[in-house]
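Observations on chain architecture
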Amino acid sequence: KFDIGSRRSIARLRRGDAWHDLIGKEREALAAERRRHQIVELRHLFERMNLIDVQPQPGGVGFASTHLPLSEAMQQRIAESEWKTLKVGIRPEFIHVWDEAFDDALRAKVVHVEDLGTYKIMTLNLDGAPLKVRLAEDKPVPEGTAYISFPAQWLMVYADDFLLEANASQEAQP
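Think of each chain on its own: its residues are numbered from 1, step by step along the sequence as written. It should be noted that, the model being predicted, local features are given only for residues of pLDDT at least 70 and side-chain atom pairs only at 80 or more, the latter also being counted only at that level, while totals for whole chains, interfaces and linings use all residues. No hydrogens and no water enter the side-chain calculation; it runs on all heavy atoms of the structure.

**Focus: the sheet that holds strand S5 (residues 55-57)**
Strands are labelled as partners when DSSP assigns at least two bridges between them. Counting from the N terminus, the helices are the DSSP runs of H or I reaching at least four residues and the strands are the DSSP runs of E reaching at least two. Spatial strand order, S5-S6-S7: three strands in an open sheet with antiparallel pairing. Here the strands that pair on one side only, and so sit at the sheet edges, are S5 and strand S7 (66-69). Recorded for the sheet is a direction-independent mean angle of 40° between the axes of neighbouring strands. Where S5 lies against strand S6 (residues 60-63), three bridges are found, and the strand directions are antiparallel. If you follow Gln-55 over to S6, its bridge partner there is Gly-62. For every element, the axis is a line fit to its C-alpha atoms; helices are fit only across the contacting stretch, and the angle between N-to-C directions ranges from 0 to 180 degrees.

Written as structure tokens, this is what we have:
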């Protein structure tokens, strides 16, 4: 629960349809964000979701020379589903930036950093795909190359703009 003073109004658009939500504190809004469809949002509360066109690959999905591993269940859902476009999405605040390189980290080029006081927005280029990453105020900013990862619980897969879930019974279109 939250008081009316902490609510934010958010307008969302999808294929010409508009919805209006009242969303509260940041964590509550993020919990509500596990939508069943890819959305374009007009808001100042969060940065937009990073969306990347991908193709199925053994063990997951990929684009250019980047491979993103997915669970066996998600790989099976992708294989069983009919779709024309396949994308992965992750919010800027959920991309993990590592302090140093390691074998499973993705290497991204640091393009720009904007210091917004309480946090920083870092623009990266990951194998040709632009990404926005939100860094905490006290987090060091990598120079040149950022070593990143996408935590599995926050990496969404969209088939023709609809969230594809490993458990088909959870999937629904609005």
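There's plenty left to go through after this.
**So, the sheet that holds strand S9 (residues 96-98)**
Reading across from one edge, S9-S13-S10-S11-S12 is the order of the five strands in this open sheet, with antiparallel pairing throughout. Of all strands in the sheet, those with a lone pairing partner are S9 and strand S12 (129-136), marking the two edges. When strand polarity is set aside, the average angle formed by the axes of neighbouring strands in this sheet is 45°. Pairing between S9 and strand S13 (residues 145-149): three bridges, direction antiparallel. From the neighbouring strand, Trp-98 faces S13, where its bridge partner is Tyr-147.

**Brief notes about the side chain of Ser-81**
On the secondary structure map, Ser-81 appears in the loop between helix H2 (72-80) and strand S8 (86-90). When a residue's accessible area, from a 1.4 Å probe over protein chains only, is under 20% of the maximum for its type it is buried; when over 50% it is exposed; and in between it is partly exposed. Given the relative accessible area of 17%, Ser-81 is considered buried. Counting of polar contacts relies on pairs of N or O atoms within 3.5 Å, with two restrictions inside protein: one atom must be capable of donating a hydrogen and the other of accepting it, and residues adjacent in sequence are counted only when both atoms are side-chain atoms. Of the polar contacts made by the side chain of Ser-81, one reaches the backbone oxygen of Arg-77; its length is 2.5 Å.

**Let's talk about the packing of aromatic side chains**
How two aromatic rings sit relative to each other is set out by the distance from centre to centre and by the angle between their planes. Only the six-membered ring of Trp is used, alongside the rings of Phe and Tyr, when aromatic pairs are assigned; centres must lie within 6.5 Å, and planes under 30 degrees apart are stacked while those over 60 apart are edge-to-face, with the rest tilted. A full pass over the atoms with the stated rule returns two aromatic pairs. An angle of 5° between the planes, with centres 3.8 Å apart, marks the rings of Phe-94 and Trp-154 as stacked. Placement of Phe-94 in the loop between S8 and S9 and of Trp-154 in the loop between S13 and strand S14 (156-159) is noted, with a sequence separation of 60 residues between them. Under the relative-accessibility criterion, Phe-94 is labelled buried at 10%. Only lysine NZ and arginine CZ atoms are considered, and such an atom sits over a ring when it is within 6 Å of the ring centre and within 35 degrees of the ring normal. If you follow Arg-134 out to its NZ or CZ, it ends over the ring of Tyr-119, 3.6 Å from the centre.

**A look at the pattern of salt bridges**
Within this document, salt bridges are pairs made up of a side-chain nitrogen of Lys or Arg and a carboxyl oxygen of Asp or Glu, the two lying within 4 Å of each other. Taken as a whole and assessed by the stated rule, the structure comprises two salt bridges. The partner of Lys-87 in a salt bridge is Asp-53, and the shortest N-O contact between them spans 4.0 Å. Of this pair, Lys-87 sits in strand S8 while Asp-53 is found in strand S4 (residues 50-53), placing the two residues 34 residues apart along the sequence. Exposure remark for Asp-53: the relative accessible area of 52% places this residue in the exposed category. Linking Asp-99 and Lys-139 is a salt bridge whose minimum nitrogen-to-oxygen distance equals 3.2 Å. With a gap of 40 residues between them, Asp-99 in the loop between S9 and strand S10 (106-115) and Lys-139 in the loop between S12 and S13 connect regions that are remote in the sequence.

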